[in-house]
Amino acid sequence: MSKKVPFDIKEEIEHCPECGAEIVIRNGVHGPFYACSGYPSCHYLRPLKAQVDGHIVKELDGQNCPKCSFTLVLRQGRYGMFIGCSRYPECEHTELIDKPDNTSINCPQCQQGKLLQRKSRFGKTFHSCSRYPECQFTLNNKPISGECMFCHYPLLVEKRTSQGVKLFCASKLCRKPQFNEIEK
C-alpha cells in the first residue's frame, strides 16, 4: 500500500543564470548548497539558505539606537548574541552584550596596554592585550599581578592542579610554580 501525500509536490526546475543548465543541490564541507549541473564547465553556486545578518530574537522596549533613535533589538548572529538597530542594514549600529572585563594588569609584552578578559568564538575565556592587533599577547589562564621568583617575569598565572589552585610564571620560557604564602 502506498502512502498518499495530502498535497501535490511540484518541484520547480531552476536554470543556471550563467549557462542555462539545471540547478541541483550538492553537499559540501559546510553543508548543502545550490550548484550548476554543468560543473566543471560552469562554476555557478549559491547558498541553500539566504545569508541573514542576525535574526531578531527580541525587541528591547525603551532602548533606542544612538545613531537613528529607532528601537534596539537582540539578534542572533554567526558569532553569538548581540544588540543591533531594528533598521539594519540602513543603520549598522551594533553593541556587544558581554563587553571585555578590564583586569587593570599591565601587558608584560608591550608595557602599554591592559589585559582584558575575552571570550573566543567557541565560548572559552582567555585574556589578551587591549592594544590588539598591535600587541598579540594572550593567556589562557587567569593573570595575577606579581613577579616570578626565578626569572623575575612581571606576571603570574593561576592554574588549577590536582593539589588545588597554584600560581605559575606566565613566561613561556619559565612556567615554574611559585611558592605563595598560602602554601608555606
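Each chain carries its own residue numbering, running from 1 in the direction its sequence is written. Totals for whole chains, interfaces and linings use all residues, but because this is a predicted model, local features are given only for residues with pLDDT of at least 70 and pairs of side-chain atoms are given and counted only at 80 or more. Side-chain calculation: all heavy atoms of the structure are included, whereas hydrogens and water are not.

Points about the sheet that holds strand E12 (residues 142-145)
So, point 1. DSSP-based pairing: two strands are paired if at least 2 bridges between them are found. Helix numbering and strand numbering both begin at the N terminus, where a helix is a DSSP run of H or I of at least 4 residues and a strand a DSSP run of E of at least 2. Taking strand neighbours across the sheet as the criterion, the 3 strands line up as E12-E13-E14 in an open arrangement whose pairing is antiparallel. Lying at the two open borders of the sheet, with one neighbouring strand each, are E12 and strand E14 (164-169). Strand-to-strand twist of the sheet, defined as the mean angle between neighbouring strand axes without regard to direction, takes the value 40°.
So, point 2. Judged from the 6 bridges that link them, strand E13 (residues 155-161) and E14 form a sheet pairing that is antiparallel. When the sheet's bridge partners are listed, glutamate 158 is paired in E14 with leucine 167. To get an axis, fit a line to the C-alpha atoms, keeping to the stretch in contact for a helix; angles then go from 0 to 180 degrees between the N-to-C directions.

Digging into the nonpolar core
So, point 1. Residues enter a nonpolar core if they are buried and are Ala, Val, Leu, Ile, Met, Phe, Trp, Tyr or Cys, with the set joined through side-chain atoms within 4.5 Å. Think of it in three bands: with a 1.4 Å probe and only protein chains considered, a residue is buried below 20% of the maximum accessible area for its type, exposed above 50%, and partly exposed in between. Listed in full, the 12 residues of the largest apolar core are Ile105, Cys107, Cys110, Leu115, Cys129, Cys135, Phe137, Leu139, Leu155, Val157, Phe168 and Ala170.
So, point 2. Grouped together as the second largest cluster of nonpolar side chains are 8 residues, Cys65, Cys68, Leu74 and Ile83 included.

A look at the UniProt feature "domain: DNA topoisomerase type IA zn finger" (unreviewed entry) in the protein chain
So, point 1. Sites flagged by UniProt as "domain: DNA topoisomerase type IA zn finger" (unreviewed entry) map to residues 14-50, 63-99 and 106-143.
So, point 2. Secondary structure content for residues 106-143 is 0% helix and 42% strand, and the end C-alpha separation is 10 Å. UniProt positions are given in the numbering used here, feature names are shortened, and annotations may be inferred rather than shown by experiment.

Observations concerning the side chain of histidine 127
So, point 1. With respect to the helices, strands and loops of the structure, histidine 127 is situated in strand E10 (residues 125-129).
So, point 2. Throughout, a contact is declared for two residues whenever any of their heavy atoms are within 4.5 Å. Those residues in contact with histidine 127, other than ones at most four positions away along the chain, are Thr103, Leu116, Gln117, Phe137, Thr138, Leu139, Asn141, Lys142 and Pro143.

As for the sheet that holds strand E5 (residues 71-77)
So, point 1. With antiparallel pairing, the 4 strands of this open sheet are ordered in space as E4-E5-E6-E7. Each having just a single partner strand, strand E4 (55-64) and strand E7 (94-96) make up the two edges of the open sheet. In this sheet, adjacent strand axes meet at a mean angle of 30° when their direction is disregarded.
So, point 2. Where E4 lies against E5, 6 bridges are found, and the strand directions are antiparallel. Within E5, the residue paired with isoleucine 56 across the bridge is arginine 75.

Re the pattern of salt bridges
Pairing of side chains with opposite charge becomes possible as their charged atoms draw close.
So, point 1. Take a side-chain nitrogen of Lys or Arg and a carboxyl oxygen of Asp or Glu: if they are within 4 Å of each other, that pair is a salt bridge. The full count for this structure, using the stated rule, is 1 salt bridge.
So, point 2. Close ionic contact of glutamate 14 with arginine 46 constitutes a salt bridge, the shortest N to O distance being 3.0 Å. Residue glutamate 14 is located in the segment before strand E1 (23-28), and its partner arginine 46 is located in strand E3 (residues 45-47); the two are separated by 32 residues in the primary sequence.

Describing the side chain of histidine 93
So, point 1. Tracing the backbone shows histidine 93 in the loop between strand E6 (80-85) and E7.
So, point 2. As used in this structure description, the phrase polar contact means that two N or O atoms lie within 3.5 Å; if the pair is within protein, one of them must be able to donate a hydrogen and the other to accept it, and residues adjacent in sequence are counted only when both atoms belong to side chains. Here the side chain of histidine 93 touches glutamate 95 through a polar contact of 2.9 Å, side chain to side chain.

A look at the packing of aromatic side chains
So, point 1. Working definition: a ring pair exists when centres of Phe, Tyr or Trp rings (six-membered ring for Trp) sit within 6.5 Å. Plane angles under 30 degrees give stacked, over 60 give edge-to-face, the rest tilted. All chains considered together, the criterion is met by 0 aromatic pairs.
So, point 2. Over the ring of tyrosine 34 we find arginine 46, and its NZ or CZ is 4.5 Å from the ring centre.
So, point 3. Remark: a charge is flagged as sitting over a ring if the NZ atom of Lys or the CZ atom of Arg is within 6 Å of the ring centre and within 35 degrees of the ring normal. Its end group placed over the ring of phenylalanine 150, lysine 176 keeps NZ or CZ at 5.1 Å from the ring centre.

A short note on the pairing of E13
So, point 1. Bridging between E12 and E13 involves 4 bridges; their strand directions are antiparallel. For lysine 142, the partnering residue across the bridge sits in E13 and is glutamate 158.
So, point 2. With antiparallel pairing between neighbouring strands as the criterion, E13 and E14 make up a hairpin whose turn holds 2 residues.

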